[in-house]
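Listed below, chain by chain, are the residues.
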Amino acid sequence: MDIAIVGAGLAGLSAANELVRRGHQVTVFEAGDGPGGRVRTDRIDGHLVDRGFQILLEAYPYARSILDYRTLDLRKFAPGAMVRIEDGFHRIGDPLREPARLLDTVRAPIGSPIDKARILAFRRSVNRGSVTDIWDRPETTARQRLSDMGFSNRMIDRFLTPLFAGITLDPDLGGSSRVLEFVFRMLSAGDAAVPADGMGAISDQLADRLPAGALSLESPVDRVDAGSITLAGGEKIKADAVVVATGVTEAALLAEIEDRGWRGVTSLWLAADEPPIDEPVLVLNGAGTDPINSLVVMSQVSDRYSPAGASTIVVSSPVLRAGLVEDMRTQLRSWFGPVADSWRELRVDEIERAQPIQPVGLGPRGAYLTPNGVWICGDHTTDPSINGALASGQAVARELSTVRAA
């Protein structure tokens, strides 16, 4: 079959690779100038700058099965985190991976000893059964789930909220508890990492696997039908099947799909002469998510993020508002002193559509065929993550092939 795919994000690239593997001819039409959608990396003055702060959780099952981790040369974050509380930085370790950090973790003012013991209990809970079982568990909000586990408000506010807000972009923890449990299982089962050459290397690896001519860049699509697409310039291209692998807002225009909105993120990328933190660790703001939620010296994670003799820093918040970046700079000065004023701005990413919202009651659907015969995939049909995007592409490729074969 000849299949047209609209969108070269991770979902579209995943679908294209699986369809090619199954013997189909595929053309992916992408409006932008490169593959990857929300997962791309740019180079600015020798520094690698991702489109917002992003990480890959190595334990993602679809990422492990689809991506070549060795070629990506994954660089790992240190287990645990560093938390800024009460005018100081406190190191939180993973006692199962870093026994030497146990005393630091016990002393950290993020919660009671009972709170810290409950982390291990939560870990055991999310690791029971299979990964797919998580999506069938009783559901509430993420914050309610943590409260039901017995965590104190202090532990939730000082550590768990900034930790998960940095990944799920949900600063109120009002989204699905299933997303929370899935993320915590991934964190407990493997490391957080980035490819040595930036997150965009994931998209590039998938795009490079496609046959020559299968990826058509700067080709915005104006109209989608079951058997054709029409490019913005008016050219109509026929296909045996059409897959729309865009965001939920665009997909909702084609089918009875609820556009439940997006979670946004602001990421401030900075260049410094010296690293303010000398290890590849996630720094969390234990005082709240506004203005800063997290900070990472990315060049400590992978030295390729910066040129020799320099450091690359990313400061992020799941908030979009006027004056946020200026407030970030003020808070950085309070954390690190006047040297923070010398850090040069590389770019500010204000991304309104960073992750689709997954509220309570909206579980993963998988592949979706609209009443008018157009296939839809994307992380909005599974869960809002890299794993969800890859999984949705695989699902639509399997279902489309099965239906057509029948």
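The following paragraphs examine the structure supplied in this document.

About the criteria used
Residues numbered from 1 in each chain as written. Predicted model: local features only at pLDDT ≥ 70, side-chain atom pairs only at ≥ 80, totals over all residues. Heavy atoms only, no water. Helix = DSSP H or I, 4+ residues; strand = E, 2+ residues; numbered from the N terminus. Rg over C-alpha atoms; globule rule 2.2 N^0.38 Å. Buried < 20%, exposed > 50% of the residue type's maximum accessible area, 1.4 Å probe, protein only. Areas by Shrake-Rupley, 256 points an atom, 1.4 Å probe, with all protein chains shown as cover. Lys, Arg positive; Asp, Glu negative; His and termini not counted. Charge placed at Lys NZ, Arg CZ, Asp CG, Glu CD. Contact = heavy atoms within 4.5 Å. Core = buried A, V, L, I, M, F, W, Y, C linked by side-chain atoms within 4.5 Å. Pairing = 2+ DSSP bridges. 1 Å grid on protein atoms, 1.4 Å probe; cavity = no way out; pocket = protein on both sides within 12 Å on 5 of 7 lines; lining within 4 Å. Points joined across faces, edges and corners; volume = space filled by probe spheres on them. Nonpolar A, V, L, I, M, F, W, Y, C, P; charged D, E, K, R; others polar. Axes fitted to C-alpha atoms, helices over the stretch in contact; angles between N-to-C directions. Parallel < 35°, antiparallel > 145°, perpendicular 65-115°, else oblique.

1. Digging into the overall build of the chain
Helix and strand counts for the chain come out as 13 helices and 21 strands. The globule rule puts the C-alpha radius of gyration for 406 residues at 22 Å, and the 21 Å found for the chain is close to it. If one aligns the C-alpha atoms of the chain with their principal axes, the spans along those axes are about 65 × 50 × 40 Å. Taking all 406 residues of the chain together, 59% fall into the buried category. Here the chain has roughly 16400 Å² of accessible surface; of this, 48% comes from carbon and sulfur atoms. Of the charged side chains in the chain, 43 are positive and 53 negative; the average position of the first set lies 6 Å away from that of the second.

2. Here's the deal with the environment of M298
As for its position among the elements, M298 is in helix α11 (residues 298-301). Here the alpha-carbon distance between M298 and L48, two residues 250 residues apart in the chain, equals 8.9 Å. In contact with M298, not counting residues within four places along its chain, are F53, F77, V194, W269, Y305, T312 and V314.

3. So, the nonpolar core
Core analysis: the largest hydrophobic core is formed by 89 residues, its most contacted members being I5 and F159. If we ignore the near neighbours within four places in the chain, the residues touching I5 are G12, A15, A16, L19, V26, T27, V28, F29, V243 and A245.

4. Thoughts on the pairing of strand β15 (residues 262-272)
A regular strand places its side chains on the two faces of the sheet in alternate fashion. Where burial is concerned, most of β15 is hidden: eleven out of the eleven residues are buried. Here β15 shows two buried faces, one formed by W262, G264, T266, L268, L270 and A272 and the other by R263, V265, S267, W269 and A271. Note that β15 and strand β19 (residues 344-356) share nine bridges and pair antiparallel. For L268, the partnering residue across the bridge sits in β19 and is V348. Two elements, β15 and strand β18 (residues 311-317), share seven bridges in a ladder whose sense is antiparallel.

5. Description of the layout of surface pockets
If you add up the space inside the second largest pocket, you get close to 670 Å³. In terms of lining, the second largest pocket is formed by 32 residues, of which the most central are P79, G80, G93, D94 and F159. Those elements that place two or more of their residues in the lining of the second largest pocket are α4 (102-107), α5 (113-126), α7 (153-168) and α8 (177-189). Broken down by element, the residue count for the lining of the second largest pocket peaks at six residues, all from α5. When grouped by side-chain class, the residues that make up the lining of the second largest pocket number 22 nonpolar, five polar and five charged.

6. Considerations on the environment of F159
If you trace the backbone, F159 turns up in helix α7. A relative accessible area of 9% places F159 in the buried class. Taking C-alpha positions, F159 is 25 Å from D349, a pair spaced 190 residues apart along the chain.

7. Some thoughts on the packing of α5 against α8
Look at α5 against α8: their axes get within 9 Å of each other, and the N-to-C directions meet at 100°. Taken as axis vectors, α5 and α8 run roughly perpendicular relative to one another. Side by side, α5 and α8 meet where I119, F122, R123 and V126 of the first sit next to L180, E181, F184, R185 and S188 of the second. The class makeup of the residues in the contact of α5 with α8 is five nonpolar, one polar and three charged.

Just distances and angles here, no functional claims.
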